[in-house]
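# Observations on the three-dimensional arrangement
Given next are the chains, with one letter for each unit.
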Amino acid sequence: MSDRLFIFDTTLRDGEQVPGCQLNTVEKIEVAKALEELGVDVIEAGFPVSSPGDFNSVVEISKAVTWPTICALTRAVENDIRVAADALKYAKRGRIHTGIGTSDYHIKYKFNSNRDEILERARACVAYAKRYVEDVQFYAEDAGRTDNEYLARVIQAVVDAGATVVNIPDTTGYCMPWEFGEKIKYLMENVNGIHKVTIATHCHNDLGMATANTVAGIVNGARQAEVTINGIGERAGNTSLEEVVMAFRSHKELGIDSNINATKIYGVSRLVSSLMNMPVQPNKAIVGRNAFAHSSGIHQDGVLKKRESYEIIDPKDVGVDENSIVLTARSGRAALKHRLHVLGVELDKEQLDKAYESFLKLADRKKEINDDDVLMLAGQHRSAKRRITLDFLQVTSGVGIQSVASVGIDIAGEKFEACSSGNGPVDAALSAIKQIIRRTTTVKEFLIQAINKGSNDIGKVHMTVEHDGNHYYGFSANTDIIAASAEAYIDAINKFVK
């Protein structure tokens, strides 16, 4: 059995299912190229039959990357498989990922079927996918709650049908680590030919066990870890790429390692966080802002005397530069470009020039520019070609007076202005915008986050807007929280006004 661990990244499929984290094709390509540089073996690029956008993303990612395997997800449905094969036609190495639920919950309540029928559908979907590609991965959805004897029968059937990879997902995050490890061990011991295929783990974090279950599965024989950057994904998320990779790098005695260039982990983490508008929690392992911070006097003393006293990972090993360039109003374009490069962002000359202008204005208002500020500036200039943009915003507000807002909006080059009052400055600003847009909308969710402490810092606004029964997600960041709210609202509107 090989001790090479294959990393299967599903940030662009499972990770993108998180509300508010949807990416367009250009952004997906940017992430895919970053994953390629990181050293990911397999990129799950989408679910082609689900939408034209997903289909196109799989096509374009297949063209854009060179050596990673590009994987497309399907159900155990022949049309799904045909569409996936079509989407993978430009992939240098294409893989179809097909499968079906195997737990009694899925068999009875999802499919209204029985075990024998499900087993036959599993075998048939793999055999059909083999008509199109040699590399076929089968997933046994909800394997975590599937009894081991029946799961082994299903896996035996798909291995006999030609599956090259068998995926054992803990879809609901139900398993305890020892249970999941025993499940993999049972398959290793009870499926003929299992050593000729790769066993994959795909664990969810509903009970906070995703990384522990993945490690337990690998120790017991799995050699593909299905992961996402920053652990994003359905509900409580997926197994975190950075945690699995660094767990085995830190425990060299296990003799298992991946192809990941760990020095790029931090940059890719921040790129995904920025593009998906998904903040990384400060205490997140490996990539959180506090992952290598020490506030306890005892810890500080120990780290200064010998770093390994309280740090099992050298920050530089995952791309965290302890001696990073501090950006201020006196920093030049080269310093900004360098920091963007460290964070995994490349801007062309025109984008960099515009970002630098914004950087100087922000630096005049703040004493020091941090990584989140830099990524916010880069994000603004990536999305500068939106159809609707905010030209100006003026708000009058205070205690004992009614808030009034005047706004100017550019819609495809045409200028519009409006004025409105409201219950507070944000309500007044959104009311004025609604007068111009003339669409029925309802703000369903409104979240303000400060990046760091301090009254002069940037605030992030996440907003959910309902229109015609559909939900659209908007995001912005600004030192002026009212402006950020208006920009987030316009960001959401851009997604349904054509």
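Quick look at the structure, then. Keep in mind it's a predicted model, so treat the numbers as computed, not measured. Each chain carries its own residue numbering, running from 1 in the written order of its sequence. Note on the predicted model: pLDDT of at least 70 is required for a residue's local features to be given, and 80 or more for side-chain atom pairs to be given and counted; whole-chain, interface and lining totals, by contrast, use all residues. Excluded from the side-chain calculation are hydrogens and water; included are all heavy atoms of the structure.

Right, let's get into the packing of aromatic side chains. Geometry of aromatic contacts follows a simple scheme: Phe, Tyr and Trp rings, the Trp one being its six-membered ring, pair when their centres are within 6.5 Å, and the pair is stacked under 30 degrees between planes, edge-to-face over 60, tilted otherwise. Scanning the entire structure with this criterion turns up 3 aromatic pairs. Between Tyr128 and Tyr132 the ring centres are 5.5 Å apart and the planes differ by 65 degrees, which places this aromatic pair in the edge-to-face class. Tyr128 gets classed as buried once you look at its relative accessible area, which sits at 7%. Between buried and exposed lies partly exposed: a residue is buried under 20% and exposed over 50% of the maximum accessible area for its type, with that area taken using a 1.4 Å probe on protein chains only. Taking relative accessible area as the criterion, Tyr132 reaches 38% and is therefore assigned partly exposed. With centroids separated by 4.9 Å and ring planes inclined at 50 degrees, the aromatic side chains of Tyr472 and Phe496 adopt a geometry described as tilted. Remark: Phe496 occurs in the segment after helix H16 (481-493) and Tyr472 occurs in strand S14 (residues 470-478); sequence separation between them is 24 residues. Overall, the relative accessible area of 10% leaves Phe496 in the buried class. In this description a helix means any DSSP run of H or I spanning at least four residues, a strand means any run of E spanning at least two, and both kinds are numbered starting from the N terminus.

We now examine empty space enclosed by the protein. Using only the protein atoms, space was sampled on a 1 Å grid; points where a 1.4 Å probe fits but cannot get out form cavities, open sets with protein on both sides within 12 Å along at least five of seven lines form pockets, and lining residues are those with an atom within 4 Å of a point. Grid points are joined across faces, edges and corners, and a volume is the space filled by probe spheres set on the points. Within this structure, the stated rule accounts for 1 cavity of 30 Å³ or more. Taken as a whole, the largest cavity holds about 40 Å³ of empty space. Lining the largest cavity, in full, are Lys337, Leu340, Val345, Glu346, Leu347 and Leu352. Classifying every residue of the lining of the largest cavity gives 4 nonpolar, no polar and 2 charged. Side-chain classes are defined by residue name, with Ala, Val, Leu, Ile, Met, Phe, Trp, Tyr, Cys and Pro counting as nonpolar, Asp, Glu, Lys and Arg as charged, and the others, Gly among them, as polar.

Most of strand S7 (residues 198-203) sits out of view: 5 of its 6 residues are buried. Pairing geometry for strand S6 (residues 165-170) and S7, over 6 bridges, is parallel. Looking across to S7, one finds that Val166 is bridged to Ile199. Clockwise travel from the first strand over the helix to the second, with the strands pointing away from the viewer, marks a crossover as right-handed. Since S6 and S7 lie parallel, the crossover through helix H7 (residues 177-190) that links them has a hand, and here it is right-handed. Strand pairing follows a simple DSSP-based rule, namely that at least 2 bridges must link the two strands. Pairing between S7 and strand S8 (residues 224-227): 3 bridges, direction parallel. Paired with His202 across the two strands is Glu226, which belongs to S8.

Here the focus is the sheet that holds strand S10 (residues 401-411). The sheet built from 3 strands is open, its strands ordered S9-S10-S11 with antiparallel pairing. Of all strands in the sheet, those bounded by a partner on one side alone are strand S9 (388-398) and strand S11 (414-422). Averaged over all pairs of adjacent strands, the angle between strand axes in this sheet comes to 15 degrees, irrespective of strand direction. Pairing between S10 and S11: 9 bridges, direction antiparallel. Looking across to S11, one finds that Ile411 is bridged to Glu414. Note on contacts: a residue pair qualifies if any of its non-hydrogen atoms lie within 4.5 Å across the two residues. Under this scheme, a helix contributes an axis fitted over its contacting stretch, all axes are lines through C-alpha atoms, and angles between N-to-C directions fall in the 0 to 180 degree range. Its contacts with the sheet put H16 on S9 and S10, and the angle it makes with S9 is roughly 145 degrees.

The next subject is the pattern of salt bridges. Any Lys or Arg side-chain nitrogen found within 4 Å of a carboxyl oxygen on Asp or Glu counts as a salt bridge. All chains considered together, the criterion is met by 29 salt bridges. One salt bridge in this structure joins Asp86 and Lys89, with 3.8 Å as the shortest N-O distance. Taken together, the shared-partner salt bridges connect Arg13, Asp14 and Glu44 into one network.

So, about the sheet that holds S6. As a general point, the strands of a sheet are linked pairwise by backbone hydrogen bonds and lie either parallel or antiparallel. The 8 strands are arranged S1-S2-S3-S4-S5-S6-S7-S8 in a closed barrel whose pairing can be described as parallel. Averaged over all pairs of adjacent strands, the angle between strand axes in this sheet comes to 25 degrees, irrespective of strand direction. Alignment of strand S5 (residues 136-141) against S6, held across 3 bridges, turns out to be parallel. What sits directly across from Tyr139, in S6, is Asn167.

Looking now at the side chain of Gln224. With respect to the helices and strands, the residue Gln224 is situated in strand S8. Throughout this description, a polar contact denotes any pair of N or O atoms lying within 3.5 Å of each other; where both atoms belong to protein, one of them has to be capable of donating a hydrogen while the other can accept it, and for residues adjacent in sequence the pair is counted only when both atoms sit in side chains. A polar contact is formed between the side chain of Gln224 and the side chain of Arg95, at a distance of 3.1 Å. Look past the residues within four positions of Gln224 in its chain and what remains in contact with it is Leu5, Phe6, Phe8, Val42, Arg95, Gln137, Val165, Thr198, Ile199, Ala200 and Thr201.

With that out of the way, let us pick up the nonpolar core. As a rule of thumb, nonpolar side chains are buried together in soluble globular proteins. Counting residues in each nonpolar core, the largest one holds 115 residues, and the members touching the most others are Ile7, Leu38, Phe138, Ile155, Val166, Ile168 and Ile265. With 9 residues, helix H6 (residues 148-161) is the largest single contributor of residues to this core. Residues within four places of Ile155 in sequence aside, it is in contact with Phe138, Val166, Ile168, Leu187, Val191 and Ile194. Ala428, Ile433, Ala486 and Ala492 belong to the second-largest nonpolar core, a separate cluster that totals 28 residues. By nonpolar core we mean a set of buried residues, namely Ala, Val, Leu, Ile, Met, Phe, Trp, Tyr and Cys, connected to one another through side-chain atoms within 4.5 Å.

Let us look at a nonpolar patch on the surface. Patch members must show over 30% relative accessible area and no salt bridge, and they are joined within 9 Å when carrying like charges or within 5 Å when they are nonpolar side chains of Val, Leu, Ile, Met, Phe, Trp or Tyr. For accessible areas, the Shrake-Rupley method is used with a probe of radius 1.4 Å. Any residue's cover is judged against the shown protein chains and nothing else. Residues Val443, Phe446 and Ile448 make up a contiguous nonpolar surface patch of about 230 Å² in total accessible area. Among the secondary structure elements, Phe446 is positioned in strand S12 (residues 442-450). Under the relative-accessibility criterion, Phe446 is labelled partly exposed at 37%.

Keep in mind these values describe shape, not function.
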